[in-house]
Amino acid sequence: PCGQGGSPGTMGAIYLACLLDRSDIQSLIPVHGLAKILGLGMIHEVFHNLGAVPACAPHHASSHASDDPRDIMAASLSSQLAAYPDAGFLPLLDAGRDDYYEHANPGCLDIAKSPFLEPGT
């Protein structure tokens, strides 16, 4: 993988050389732009560091959300962007609101309540 985010308290990173060397990423740059690809990748890794997607989430699959391929926490950003080749595509934030953001699962981490995120309106 070209990105790595861990559980809360660990480091998250995007490996630029890896991203720029991958042909699947290179083919997406003309459509989505490098800034968008890097930004979405970093959001994904930061969310991992905040605790998304916890093991208690109903669609948890190896720390990723498995219920909607458009979710920012889907397992592969390159596959996601290739599947949605519209330049205006933006991933969803917890599709269904039941895994890691503004959900109603008692005892399961909700990163919307993280002190590191500013509350939305």
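What you are looking at is a predicted structure, and each value in this text was computed from that prediction instead of being measured.

Time to look at the overall build of the chain. Counting its secondary structure elements, the chain contains 4 helices and 4 strands. For 121 residues, the compact-globule formula gives about 14 Å, and the C-alpha radius of gyration of the chain, at 14 Å, lands near that figure. When its C-alpha atoms are laid out on the principal axes, the chain stretches across 40 × 30 × 30 Å. Scored against the burial criterion, the 121 residues of the chain give a buried share of 39%. Element-wise, carbon and sulfur atoms account for 61% of the exposed surface of the chain, whose accessible area totals about 6,700 Å². Positive and negative side-chain charges of the chain, numbering 5 and 13 respectively, have mean locations separated by a distance of 3 Å.

Glancing now at the pattern of salt bridges. Within this structure, the stated rule accounts for 3 salt bridges. For aspartate 24, the salt bridge is made with arginine 22, and the minimal N-O distance between the two is 2.5 Å. Here aspartate 68 ties to arginine 70 by a salt bridge, and the two come within 2.7 Å at their closest N and O atoms.

A cluster of nonpolar side chains, contributed by Leu16, Leu20 and Leu34, occupies part of the molecular surface with about 240 Å² of accessible area. Mapped onto the fold, leucine 20 is located in helix α1 (residues 16-21).

Now for the nonpolar core. Phe47, Ala52, Val53, Met73, Tyr100 and Ile111 are the most contacted members of the largest nonpolar core, which totals 20 residues. Every element with two or more residues in this core is listed here: α2 (23-32) and α3 (34-50).

The next point concerns the state of the cysteines. Applying the stated criterion across every chain yields a total of 1 disulfide. For cysteine 56, the disulfide goes to cysteine 108, at an S-S distance of 2.0 Å. Taking the torsion about the S-S bond as the criterion, the cysteine 56 to cysteine 108 disulfide, at about 95°, is right-handed. You can see cysteine 56 sitting in the loop between α3 and β3 (60-61) and its partner cysteine 108 sitting in the segment after α4 (77-83), a full 52 residues away along the chain. Relative accessible area serves as the criterion here: at 8%, cysteine 108 is assigned to the buried category.

A few words now on the packing of α2 against α3. Closest axis-to-axis distance for the α2/α3 pair is 7 Å, and the angle between their directions is 115°. One finds that α2 runs roughly perpendicular with respect to α3. In this structure, α2 contributes Ile25, Leu28, Ile29 and His32 to the contact, and α3 contributes Leu34, Lys36 and Ile37. For the contact of α2 with α3, the class distribution of residues is 5 nonpolar, 1 polar and 1 charged.

Thresholds applied
Residues numbered from 1 in each chain as written. Predicted model: local features only at pLDDT ≥ 70, side-chain atom pairs only at ≥ 80, totals over all residues. Heavy atoms only, no water. Helix = DSSP H or I, 4+ residues; strand = E, 2+ residues; numbered from the N terminus. Rg over C-alpha atoms; globule rule 2.2 N^0.38 Å. Buried < 20%, exposed > 50% of the residue type's maximum accessible area, 1.4 Å probe, protein only. Areas by Shrake-Rupley, 256 points an atom, 1.4 Å probe, with all protein chains shown as cover. Lys, Arg positive; Asp, Glu negative; His and termini not counted. Charge placed at Lys NZ, Arg CZ, Asp CG, Glu CD. Salt bridge = Lys/Arg side-chain N within 4 Å of Asp/Glu carboxyl O. Patch = residues over 30% accessible without salt bridge, like charges linked within 9 Å, V, L, I, M, F, W, Y side chains within 5 Å. Core = buried A, V, L, I, M, F, W, Y, C linked by side-chain atoms within 4.5 Å. Disulfide = S-S within 2.5 Å. Axes fitted to C-alpha atoms, helices over the stretch in contact; angles between N-to-C directions. Parallel < 35°, antiparallel > 145°, perpendicular 65-115°, else oblique. Contact = heavy atoms within 4.5 Å. Nonpolar A, V, L, I, M, F, W, Y, C, P; charged D, E, K, R; others polar.

These results come straight from atomic positions and should not be treated as a statement about function.
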